[in-house]
Amino acid sequence: MKLKGHQLLFLWLLKGAFVQAWVRWLVALTMVSIGVMLAVAIHTVNHSALASFGQALDTVNGQASAQLVAPLGDIDDGQIEVWDQRREALGIRSVSPVLVVRTDRLTVLGIDFFKAAIVSPSLLPSASNGGTDLFNAKALFLSGAALTALKVRVGETIVLQNGANSVSLVVAGEVPGAASQVIGVMDIGSAQWAFKRLGVVSRLDLRLADWQTPQGLRAALLAQSERLEVVAIPDRDRRMSLLSRAYRVNLSVLAMVALLTGGFLVSTAVNLSIVRQRSELALLGVLGASESWLRRFVWAQGGLIGTVGGLCGVGIGLLLASALMHWFGGDLGGNYFANTQPAMVIDWPVMAFLVLASTLMGLGSAWLPLMQINWLEPMAVLRAGQAETLVNKAPTLKWSLLAVCLSIGLLQLPAFNELPWAAYGAIAALLGAGLLALPWLLGVLLRGLSRVLTHSRVPAVVQLALWRLEQAPSQATPLITGTVAAFSLTVAMMVMVSSFRTSVSDWLGLVLPADLYTSSQAVGEQPGFSAQVQEVIAALPQVQRVETHRQVSLRLSYDRPEVVLIAKSLNLQDPVQSVALVGTAKLPPKDGQSRLVVFGSEAMADLYGWRAGQEVSLPLSTQGPQRVWVGGLFRDYARQHGTVMMSTLDYERLTGDHSRSNVSVWTTQGADLGEVTSRIQAKLPELSHLRWISAGDVRQLSLKIFDRSFAMTYALEAAALFVALFSVGAGVTGQLILRRREFGVLAHLGMSEEDRSRLVSMEVGLLLIVAVLWASLLGGLMSQILIHKVNPESFHWTMNTHFAVGQWLMISVLMMVIGVLTARWAASQGLDPRRLSESLRADW
Amino acid sequence: MTVLSLRSVGHAYVSDEWLFRGLDFELAQGERVAIQGTSGCGKSTLLNIMAGLEVPTNGEVEWSGQPTSAWSAKRRQSCRQLEMGFVFQAFHLLPHLTALQNVMVPCLLGGQSAKTCTAPARSLLCDLGMDKRLDALPSSLSGGEQQRVALARALVHHPKVVFADEPTGNLDTKTATHTLALLIELCKASDASLVVVTHSDEAARSMGRTLRLTSRGLVG
């Protein structure tokens, strides 16, 4: 490609700018890359996990047009005949019952082969032996992936564990239509018998008539007050996406914060380049380069760092995603995709968007340096002693106040599409307001300080530092802008995480009153165990008290994740004894009417509009929706999609389910928990497959999971502090270049090298004190938005603010000490006496 | 033929505090003029006004007989690219370009290709005795060498006028004399006019005409 003359010159100069400051460019580029890398890795892992989940569900669902599911528990298989009779009127071509059994090694689908041939033919096994094996009571057909994963061959026997049941089956053939997913298929009757699920099915798969749609069927069933719900593929995809969406979006926002802090580094790097290049730019202006050409040159520097950083970030991010998926599967700490090993699926449009965002961020970061160039008087820059010509008028307080108003306005808006976009906007506006107010704040503070010290006897260095800062607040502002931005984000994240951790820790104290726990839920959707275990365990030595409860999934909306229904013994006279209530309980009036009382988690209030003291409907009974009284709302950090708590007696009366899924054991003082566990396992072999864990271990494990979930936040805090320090170092270097002549004069007037260094330290120290305090105030305010808006709108739980004063003091002191040391180091580089003499020689 | 004329030009940074006013001046093709004056009298400002870098408070500047007051920024910029050359006391070479690349800058900005402007730049530098230093960066050049590169950069694109603001101020007497002689010679060779602002009487004497800037204008 043949370049025109000015294009070639453009490239020469760009290369020169890089050569001159390659370390700064590389640091800025690295920060941008880290931001993009995090975003790419987070998105790719989540996207792959979702794609894999979707694929798995597609396989398990066969090719059904829609499904009928019960809000709670299984469907009576007597219903199949009823639906066969109703199907023509409802526009259903065929109904195929499916029993889903999740075992320890794979999911087994029990199907009616004749009906599945019409509704979901991909689930049909290849029939060997003339099809006689199909109805063999022990015959299980495995997908190709299952054969590989379980390392078995056709003809071999495998043992599957489902709850307390061990089931031995023979691998009778393959399921060719479901090659890539680990599933098994067997005759539905045999499955009901083998897994002790006689008389029930999990769902009814439907093939609809050509004229019918899932929406049409849903409307028709709603009109008939049908208890079963229609679930179509888009509903299922939305439910699956909602499961982890808030967590994914929060991680992505964290990545964007990393990108933003990277942006401050690019801005600092470009700004410093411009400081160094200002006489070159002025010369080119005198020689006839147009203002737009020069502007393009400055844009190009920011854009280049942004684009290259973006491209590197995508490359490294994909590698990181691949490594994360190799080591941790599809889960990023939120436990939404635990135990999945998805194949990597790259979302190229999003990758392109991230490179574009990074480029735009780079271009945006060149904006501030561009604002500081006085293009109209290039010759003025070529004369000596013109440091101030680089700085235009600083923004006035009105812009800051406008940003504050914008932030307050955004805080009034509700969540959009169930995500706190407005709250994120409010945080950005508040940060902008804080940065725009910096020149005004510095002016006011430094003028005040100078006035106070006018009549005091202070060392000359202190006086000079104050005079200088007071006279040139617009020059001091860029020095600490990056510091204030990065430090305020650090403080905001620190306060939010410490508040969350303290709240979780307090909550664990409330919800873990017993000494030992176990749950059948840990192994998936397992059937419960007998309620008799309570009496058996209570009779064991060293056991003081035993409680059991039942935990099941309850579907309240066809396109939302299920809520968790917990049936446990409740103290309805004083609910605080058994539920971690937020606010006060509102029990039903004693008006002689019998009402069923339930308690909802905070998510029930956010997602389903529950309020304490109101009556709502719950699909608990086979006879139809049941009116219940919401006695209060409670905090639940374990389940973000909603939890309903009711008494065991009410639950058993309504559902007929007398089984239990969880056991809590209180032991006598000084009891050996290991010994108690052994005794329970010896006495109740049906519970031996369950893991018993002490309250202390649950607490430790929970906080470990919490810290793992926030590992990214901690890493980001460290990165933000690095940005703050880098911007101090780079800012001081830039200032020293501009002020070399000033220091040259001071050196000639007899100021010692040590005093010059002290002068810089004094100025930087004063500025850092203002920066740290201002950033702490901003960060504190931002943390309140995170705590009271972002968290409740994302995860539907609240928390109490906890200022980690010790941590704050530590990072503040660290910031100031390292900042001053960085400034002294930069000063020692920039205030070399030989360079100062040269700077004065150039004066004319 | 007149290349540059100033008609009743006056300039004030603060209203009613005139740096100079009622200033008339004409520069003929190939003419060499020295401008002297006390510090702060506005010599550099006058040079900026002549070069179109500043607009006078009143009066008119004509370039080749055309009034420049109505010119757009783009027209001024184009005029500087093609018809003017500049020499500075502090040389102002671009630090990351070689001597040859520095000299090529005006031609490249003027729209010529690198291929077209390499030969004249190289030839000019060789004429100035810099043939061994073509690929050297400014930081490795002596003050005299840097000023020779600056002279070549000012003349490589055959400007009509070269403006020099204290071109020898940073050089020792011997090098200064040699550099000024070179500048005059190069201007003669390309028939370019030369306007030099200087405090040096010796430098002024080597020019065709010497003018003193006072608050009443240029005095011969």
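Residues numbered from 1 in each chain as written. Chains lettered and ligands numbered in written order. Predicted model: local features only at pLDDT ≥ 70, side-chain atom pairs only at ≥ 80, totals over all residues.

K.L.:
Quick rundown of the overall build of chain A? Include the residues and the values.
P.N.:
Counting its regular elements, chain A contains 27 helices and 21 strands. The buried share of chain A, reckoned over its 844 residues, is 44%. Within chain A, counting contacts between residues at least 6 apart in sequence, those at least 24 apart form 83% of the total. (Helix = DSSP H or I, 4+ residues; strand = E, 2+ residues; numbered from the N terminus. Buried ≥ 20, exposed ≤ 12 C-beta atoms within 10 Å, placed from the backbone. Contact = placed C-beta atoms within 7 Å.)

K.L.:
Now, about the overall build of chain B: what can you tell me, with residues and values included?
P.N.:
Helix and strand counts for chain B come out as seven helices and 10 strands. Overall, the C-alpha framework of chain B stretches about 50 × 40 × 30 Å when taken along its three principal axes. In chain B, buried positions account for 46% of the 220 residues. In chain B, once contacts between residues fewer than 6 apart in sequence are set aside, the share between residues at least 24 apart is 72%.

K.L.:
Please give an account of unusual backbone geometry that cites residues and values.
P.N.:
All names here are of chain B. Phi angles above zero are rare outside glycine, and Ser8 is one such case at about 50°. Its 13 C-beta neighbours within 10 Å are what place Ser8 among the partly exposed residues. In this structure, Ser64 is a non-glycine residue whose phi angle is positive, near 50°. Relative to the assigned elements, Ser64 resides in the loop between strand 4 (58-63) and strand 5 (66-67).

K.L.:
I'd like to hear about the interface of chain B and chain A, residue by residue, with values.
P.N.:
Contact residues are listed per partner, giving 28 residues for chain B and 22 residues for chain A. In terms of residue count, helix 3 (residues 99-109) of chain B provides more of the side of chain B that touches chain A than any other element does, six residues in total. The residue inventory of the side of chain B that touches chain A, partitioned by class, reads 13 nonpolar, 12 polar and three charged. (Nonpolar A, V, L, I, M, F, W, Y, C, P; charged D, E, K, R; others polar.)

K.L.:
Provide a residue-level description of the confidence of the model for chain B, including the pertinent values.
P.N.:
Mean pLDDT for chain B: 87, with 100% of residues reaching 70 or above. Among the prediction metrics, the complex's ipTM stands at 0.76, with pTM recorded as 0.71. (pLDDT = per-residue confidence, 0-100.)

K.L.:
Describe the environment of Ala154 of chain B, listing the residues and the values that go with them.
P.N.:
Residue and element names in this part refer to chain B. In this fold, Ala154 is placed in helix 5 (residues 143-155). The exposure class of Ala154 is buried, given the 26 C-beta atoms found within 10 Å. In this structure, the C-alpha to C-alpha distance between Ala154 and Leu183, residues 29 residues apart in sequence, is 9.4 Å. Apart from the residues lying within four places of it in its own chain, the contact partners of Ala154 are Gly85, Phe86, Val87 and Val162.

K.L.:
Lay out the sheet that holds strand 5 (residues 139-142) of chain A in plain terms, naming residues and giving numbers.
P.N.:
Residues and elements named next belong to chain A. With mixed pairing, nine strands are arranged side by side in an open sheet as 6-7-5-8-4-3-10-1-11. On the outer flanks of this sheet lie strand 6 (157-162) and strand 11 (229-232), each paired with one strand and no other. The sheet shows a mean angle of 35° between the axes of neighbouring strands, direction not considered. This element, helix 3 (residues 79-90), spans strand 3 (92-102) and strand 10 (203-208) of the sheet and lies at about 145° to strand 3. Relative to the sheet, helix 7 (residues 214-223) contacts strand 1 (66-69), strand 10 and strand 11, its axis offset from that of strand 11 by approximately 170°. (Pairing = 2+ DSSP bridges. Axes fitted to C-alpha atoms, helices over the stretch in contact; angles between N-to-C directions.)

K.L.:
I'd like to hear about the packing of helix 1 (residues 5-20) of chain A against helix 9 (residues 291-328) of chain A, residue by residue, with values.
P.N.:
How two helices sit against one another is set out by the angle between their axes and by the gap between those axes. Residues and elements named next belong to chain A. Where helix 1 meets helix 9, the closest approach of the two axes is 11 Å, and the angle between their N-to-C directions is 50°. Here helix 9 runs oblique to helix 1, going by the angle between their axes. Viewed along their axes, helix 1 and helix 9 form a crossing whose handedness is right-handed. In contact with His6, Phe10, Leu13, Leu14 and Ala17 of helix 1, helix 9 contributes Trp293, Phe297, Ala300, Gln301 and Leu304. Considered class by class, the residues forming the contact of helix 1 with helix 9 number eight nonpolar, two polar and no charged. (Parallel < 35°, antiparallel > 145°, perpendicular 65-115°, else oblique. Left-handed = near helix turned anticlockwise from the far one by under 90°.)

K.L.:
A description of the sheet that holds strand 10 (residues 217-219) of chain B should follow, citing residues and the corresponding values.
P.N.:
All names here are of chain B. With respect to topology, six strands assemble into an open sheet ordered 6-7-8-3-9-10, the strand pairing being mixed. Across the chains shown, the open sheet's two edge strands, defined by having one partner strand only, are strand 6 (84-88) and strand 10. For this sheet the average axis-to-axis angle between neighbouring strands, irrespective of direction, equals 25°. Across three bridges, strand 9 (residues 209-214) lies against strand 10 in antiparallel orientation. The residue of strand 10 that forms the bridge with Thr214 is Gly217. The strands touched by helix 1 (residues 43-50) are strand 3 (32-36), strand 7 (161-165), strand 8 (193-197) and strand 9; relative to strand 8, the strand with the most contacts, the crossing angle is about 155°. On the sheet, helix 6 (residues 173-189) packs against strand 3, strand 6, strand 7 and strand 8 and is oriented at approximately 155° with respect to strand 8.

K.L.:
A description of the environment of Val552 of chain A should follow, citing residues and the corresponding values.
P.N.:
Residue and element names in this part refer to chain A. For Val552, the position within the fold is in strand 13 (residues 543-554). On the neighbour-count criterion, Val552 (19 C-beta atoms within 10 Å) is partly exposed. Put simply, Val552 and Gly583 are 31 residues apart on the chain and 26 Å apart in space, counted from C-alpha to C-alpha. If we skip the residues at most four places from it in the chain, Val552 touches Leu72, Gly73 and Leu565.

K.L.:
So, the confidence of the model for chain A: which residues are in play, and what are the values?
P.N.:
Residues and elements named next belong to chain A. Residues of chain A with pLDDT of at least 70 account for 87%, and the chain-wide mean is 81. Contacts for the low-pLDDT stretch residues 384-392, under 50 throughout, to residues beyond four places or in other chains number 25 contacts. With pLDDT under 50 throughout, residues 840-844 is counted as low confidence; its partners more than four residues away or in other chains account for 12 contacts.

K.L.:
Go over the domain arrangement of chain A with me, naming the residues and quoting the values.
P.N.:
Segmentation of chain A into domains returns domain 1 (72-226) and domain 2 (516-670). If you average the C-alpha positions of domain 1 of chain A and of domain 2 of chain A, the two centres end up 31 Å apart. (Domains from an automatic or database assignment.)

K.L.:
Can you tell me about the pairing of strand 19 (residues 643-647) of chain A, naming the residues and giving the values?
P.N.:
All names here are of chain A. Of all five residues that make up strand 19, five are buried, and the element is covered over most of its length. Side chains Thr643, Met645 and Ser647 project from strand 19 onto one buried face, and the interleaved Val644 and Met646 project onto a second face that is buried too. Alignment of strand 14 (residues 563-568) against strand 19, held across five bridges, turns out to be parallel. Along strand 19, the bridge assignment pairs Val564 with Thr643. Where strand 16 (residues 597-601) lies against strand 19, three bridges are found, and the strand directions are antiparallel. Among the inter-strand pairings, Gly600 is bridged to a residue of strand 19, identified as Val644.

K.L.:
Describe the environment of Val805 of chain A, and please don't skip the residues or the numbers.
P.N.:
Looking at the secondary structure, you find Val805 of chain A in helix 26 (residues 805-830). According to the C-beta neighbour criterion, Val805 of chain A is exposed, with 9 such atoms within 10 Å.

K.L.:
Tell me what's going on with the packing of helix 3 of chain B against helix 4 (residues 114-127) of chain B, and back it up with residues and numbers.
P.N.:
Residues and elements named next belong to chain B. One way to put it is that helix 3 packs onto helix 4 with a least axis distance of 9 Å and a crossing angle of 125°. Classified by the angle between their axes, helix 3 and helix 4 sit oblique to one another. For the pair helix 3 and helix 4, the sense of crossing is right-handed. Listed contacts from helix 4 to Ala99, Leu100, Val103, Met104, Cys107 and Leu108 of helix 3 are Ala114, Cys117, Thr118, Ala121, Arg122, Leu124 and Leu125. Taken together, the residues of the contact of helix 3 with helix 4 sort by class into 11 nonpolar, one polar and one charged.

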